Amino acid sequence: MRAPIGHFDDARPAPACLDELTAPVADAVRNWRGSVPAEQIVYVDTDPEWADTATFVEHYGQDLLERSANCVVVAGKRGGESTLAACLVLSTTRVDVNGVVRRRLGARKASFASMDTATGETGMEYGGITPLGLPDGWPLLVDAAVVDLPYVLVGSGRRRGKLLVPGKAFAELPGAVVLEGLGVS
């Protein structure tokens, strides 16, 4: 099949590639609900050496820079309580952790979660964290610009491989809240 964006040699519907995904991501695809059919989520095989955005777009298409999103794990703290959440923003922006995220989580302080926390809690590899298959109960903060794109390139749960997902599908994921200004230049 031809990928809806980018230039990939191997693109297949994600439901046909469950063995290529981490367990939580495979479960999310297997149990997919929403207005976008699971078959419209596309898995593309990619070299993990080229996983970082700048190198990735060099190899798979410069047009992907404006159509890629990063998913990061943040921790909001208030008193002795800590709340983990995921944030999804375009790769050309950064997450407004100290403004939008902190306020949304009702936290006194917010920061990026450590690599060990992010990977341990999600069951995903660092550099491949994706909004599909996040732990139950986690807030997923999605920048409105991501939802507006026809297709978005995100991690697959591993450094090898990526997912191409219709932007509007992110608004329907469990715990998703679409926010203006989450991603800032």
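Just so we're clear, the structure is a prediction, and the values are computed from it rather than from any experiment. (Residues numbered from 1 in each chain as written. Predicted model: local features only at pLDDT ≥ 70, side-chain atom pairs only at ≥ 80, totals over all residues. Heavy atoms only, no water.)

(A) Broad picture of the packing of aromatic side chains. In total, this model carries four aromatic pairs according to the counting rule given. Centre to centre, the rings of Phe8 and Phe56 are 6.1 Å apart; their planes meet at 45°, and the pair counts as tilted. Within this pair, whereas Phe8 is found in the segment before strand 1 (11-13), its partner Phe56 is found in helix 2 (residues 53-60), the two being separated by 48 residues in sequence. Considered together, Phe8 and Phe56 belong to a single accessibility category, that of buried residues. Their ring planes at 40° and their centres at 4.6 Å tell us that Phe56 and Tyr60 sit as a pair that is tilted. Taken together, the positions of Phe56 and Tyr60, both in helix 2 and four residues apart, correspond to about one turn of that helix. Side by side, Phe56 and Tyr60 carry an identical accessibility label, which is buried. (Phe/Tyr/Trp six-rings, centres within 6.5 Å; stacked < 30°, edge-to-face > 60°. Helix = DSSP H or I, 4+ residues; strand = E, 2+ residues; numbered from the N terminus. Buried < 20%, exposed > 50% of the residue type's maximum accessible area, 1.4 Å probe, protein only.)

(B) Spatial organisation of the sheet that holds strand 10 (residues 176-179). Strand order in the open sheet made by the five strands is 6-3-4-7-10, with mixed pairing throughout. At either end of the open sheet lies a strand with only one pairing partner, and these are strand 6 (109-112) and strand 10. The sheet shows a mean angle of 30° between the axes of neighbouring strands, direction not considered. Two strands pair when backbone bridges link them, and strand 3 (residues 69-78) and strand 6 are joined in this way by four bridges, in the antiparallel orientation. (Pairing = 2+ DSSP bridges. Axes fitted to C-alpha atoms, helices over the stretch in contact; angles between N-to-C directions.)

(C) Fine view of the sheet that holds strand 1. Reading across the sheet, the four strands line up as 1-2-9-8 and stay open at both edges, with antiparallel pairing between neighbours. Two strands in the sheet have a free side with no partner beyond their single neighbour: strand 1 and strand 8 (152-155). Strand after strand, the sheet turns through a mean of 30° between neighbouring axes, direction not considered. Pairing of strand 8 with strand 9 (residues 162-165), which is carried by four bridges, proceeds in the antiparallel orientation. Looking at the pairing, Leu153 lines up with Leu164 of strand 9.

(D) Focus on the side chain of Thr122. As for its position among the elements, Thr122 is in helix 4 (residues 115-122). Residue Thr122 is classed as buried on the basis of its relative accessible area of 4%. Side-chain polar atoms of Thr122 contact the backbone oxygen of Ala118, separated by 2.6 Å. Excluding anything up to four places from it in sequence, Thr122 contacts Pro24, Val73, Ile129, Leu134, Pro135 and Trp138. (Polar contact = N/O pair within 3.5 Å; in protein donor to acceptor, adjacent residues only side chain to side chain. Contact = heavy atoms within 4.5 Å.)

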